[in-house]
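A closer look at the structure
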Amino acid sequence: GNSVTQMEGPVTLSEEAFLTINCTYTATGYPSLFWYVQYPGEGLQLLLKATKADDKGSNKGFEATYRKETTSFHLEKGSVQVSDSAVYFCALSFTSGTYKYIFGTGTRLKVLA
Amino acid sequence: KAGVTQTPRYLIKTRGQQVTLSCSPISGHRSVSWYQQTPGQGLQFLFEYFSETQRNKGNFPGRFSGRQFSNSRSEMNVSTLELGDSALYLCASSLEGYSTEAFFGQGTRLTVV
């Protein structure tokens, strides 16, 4: 079946450190890939997305590249801030058929000043 | 442009009762999805509606049901509540429901006692 696997958290970093959150997927077909972020007490917000292999999504200093050969979509940021503390979800969706998002379990990021 | 509105934000119900949650999508969006979020299971897909039709359903018992109205507003109902139904219920709207950005509401926090 289709699934998304994320690295376990929590991830604790100092401000200005480099961030990587790993995400791999299993899918039949060619999904679109997403990273969503959830701040405390809030719903999910789209952070970035990529719709085909080798696409790079980017937003607010975060980047992720759709790697079909390794079925991965790792999230990176060069210099994290305290305000980046949140839970990050990797997800996939298809262009037709299933009409739903499949989410990873989420990775909590805590950035210390 | 108004975001996705979920009401109520918080609910406390007793085991055996039923509950109805409401979601108003972004204007012009025809797809509404519902997700259950718990610490143990993460984000789990409940169902998705598009133009008043349920297009997909997750692996939840029949006590969980939903519907969508002609104005795209959606409701979900849970009957015979169990303690395990305590969760954050998130609604997401999107233009078409797949491979397009899903906009999430802040959720309804349901506590079953």
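Here's a quick rundown of the structure. Because the structure is a prediction, the values reported are computed rather than measured. Residue positions are given per chain, counted from 1 along the sequence in the order it is written. Starting at A for chains and at 1 for ligands, labels are handed out in the order in which the entities are written. Residue-level local features of this predicted model are given only where pLDDT is at least 70; pairs of side-chain atoms are given and counted only at 80 or more, and the full residue set underlies all totals for whole chains, interfaces and linings. As a convention, hydrogens and water are excluded, and side-chain values are obtained from all of the structure's heavy atoms.

When helices and strands are tallied, chain B shows zero helices and 11 strands. Element order for chain B, N to C, with α for helix and β for strand: β-β-β-β-β-β-β-β-β-β-β. Every radius of gyration here is taken over C-alpha atoms, with the globule rule written as 2.2 Å times N^0.38, N being the number of residues. The C-alpha atoms of chain B give 13 Å as radius of gyration, which agrees with the globular expectation for 113 residues (13 Å, within 12%). Judged by the C-alpha coordinates and their principal axes, chain B covers about 35 × 25 × 25 Å. Under the scheme used here, helices are H or I runs from DSSP no shorter than 4 residues and strands are E runs no shorter than 2 residues, and both carry numbers assigned from the N terminus.

Here we come to the nonpolar core. Nonpolar cores were defined as sets of buried Ala, Val, Leu, Ile, Met, Phe, Trp, Tyr and Cys residues, with membership established by side-chain atoms within 4.5 Å. Relative accessibility under 20% of the residue-type maximum defines a buried residue, over 50% an exposed one, and the middle range a partly exposed one, all with a 1.4 Å probe and only protein chains included. Among the nonpolar cores identified, the biggest contains 27 residues, and A:Leu19, A:Trp35, A:Leu48, A:Phe73, A:Leu75 and A:Tyr88 are the most heavily contacted of them. Of all the secondary structure elements, the ones that give two or more residues to this core are strand 2 (11–14), strand 3 (19–21), strand 4 (23–26), strand 5 (32–38), strand 6 (44–50), strand 8 (62–65), strand 10 (86–93) and strand 12 (107–112) of chain A. For this core, the element with the most residues is strand 10 of chain A, which contributes four residues. Not counting chain neighbours up to four residues away, the residues in contact with A:Tyr88 comprise A:Gln6, A:Ile21, A:Trp35, A:Tyr36, A:Val37, A:Leu47, A:Phe62, A:Leu75, A:Gly106, A:Thr107 and A:Leu109. Counting residues in hydrophobic clusters, the runner-up holds 21 residues, among them B:Val4, B:Ile26, B:Phe60 and B:Val112. We call two residues in contact whenever any of their non-hydrogen atoms come within 4.5 Å of each other.

Right, let's talk about the sheet that holds strand 3 (residues 19–24) of chain B for a bit. Residue and element names in this part refer to chain B. Think of it this way: DSSP has to see at least two bridges between two strands before they count as a pair. Sheet architecture is open: four strands sit in the order 1-3-8-7, paired in antiparallel fashion. With partners counted over all chains shown, the strands left at the sheet margins are strand 1 (5–7) and strand 7 (64–68), one partner each. Ignoring which end each strand starts from, the neighbouring axes of this sheet average 15° apart. Pairing between strand 1 and strand 3: three bridges, direction antiparallel. From the neighbouring strand, Thr 7 faces strand 3, where its bridge partner is Ser 22. Angular values range over 0 to 180 degrees, each being the angle between N-to-C directions of two axes fitted as lines to C-alpha atoms, with helices fitted over their stretch in contact.

All names here are of chain A. Summarising burial for strand 5: seven of the seven residues are buried, a large majority. A two-sided burial pattern is seen for strand 5, the buried positions comprising Ser 32, Phe 34, Tyr 36 and Gln 38 on one face and Leu 33, Trp 35 and Val 37 on the other. Judged from the seven bridges that link them, strand 5 and strand 10 form a sheet pairing that is antiparallel. The residue bridging Ser 32 from the neighbouring strand is Ser 93, located in strand 10. Taken together, the six bridges between strand 5 and strand 6 define a ladder with antiparallel strand orientation. Each bridged residue has a counterpart across the sheet, and for Tyr 36 the counterpart in strand 6 is Leu 46.

Residues and elements named next belong to chain B. Structurally, Ser 72 can be placed in the loop between strand 7 and strand 8 (74–78). Given the relative accessible area of 13%, Ser 72 is considered buried. Non-local contacts of Ser 72, meaning those with residues more than four positions away in its chain, are made with Pro 25, His 29, Arg 30 and Val 32.

Here we come to the pattern of salt bridges. Residues and elements named next belong to chain B. Within this document, salt bridges are pairs made up of a side-chain nitrogen of Lys or Arg and a carboxyl oxygen of Asp or Glu, the two lying within 4 Å of each other. Scanning the entire structure with this criterion turns up eight salt bridges over all chains. The closest approach of N and O atoms between Glu 75 and Arg 67, which form a salt bridge, is 3.3 Å. In this structure Arg 67 comes out as partly exposed when scored by relative accessible area, which is 47%. Residues joined in a network through salt bridges with shared partners are Arg 63, Glu 82 and Asp 85.

For the largest pocket, the calculated volume is near 640 Å³. Here a cavity denotes grid points, spaced 1 Å and computed from the protein atoms alone, that fit a 1.4 Å probe unable to get out, and a pocket denotes an open set having protein on both sides within 12 Å along at least 5 of 7 lines; residues with an atom within 4 Å of a point are the lining. Together, 31 residues line the largest pocket, and A:Gln38, A:Val87, A:Phe89, A:Arg108 and B:Gln37 are the ones closest to its centre. Contributing elements (two or more residues each) for the lining of the largest pocket: strand 10 and strand 12 of chain A together with strand 4 (31–38) of chain B. Broken down by element, the lining of the largest pocket gets its largest block of residues, four residues, from strand 12 of chain A. If you add up the space inside the second largest pocket, you get close to 290 Å³. Around the second largest pocket, the lining is made up of 15 residues, and of these A:Lys100, A:Ile102, B:Leu43, B:Gln44 and B:Phe45 lie nearest the centre. For the lining of the second largest pocket, the elements supplying multiple residues, two or more each, are strand 11 (102–103) of chain A together with strand 5 (42–50) of chain B. Among the elements that make up the lining of the second largest pocket, the one with the highest residue count is strand 5 of chain B (four residues). Residue classes follow a fixed rule: Ala, Val, Leu, Ile, Met, Phe, Trp, Tyr, Cys and Pro count as nonpolar, while Asp, Glu, Lys and Arg count as charged, and any other residue, Gly among them, counts as polar. Split by residue class, the lining of the second largest pocket holds six nonpolar, eight polar and one charged. Grid points are joined across faces, edges and corners, and a volume is the space filled by probe spheres set on the points.

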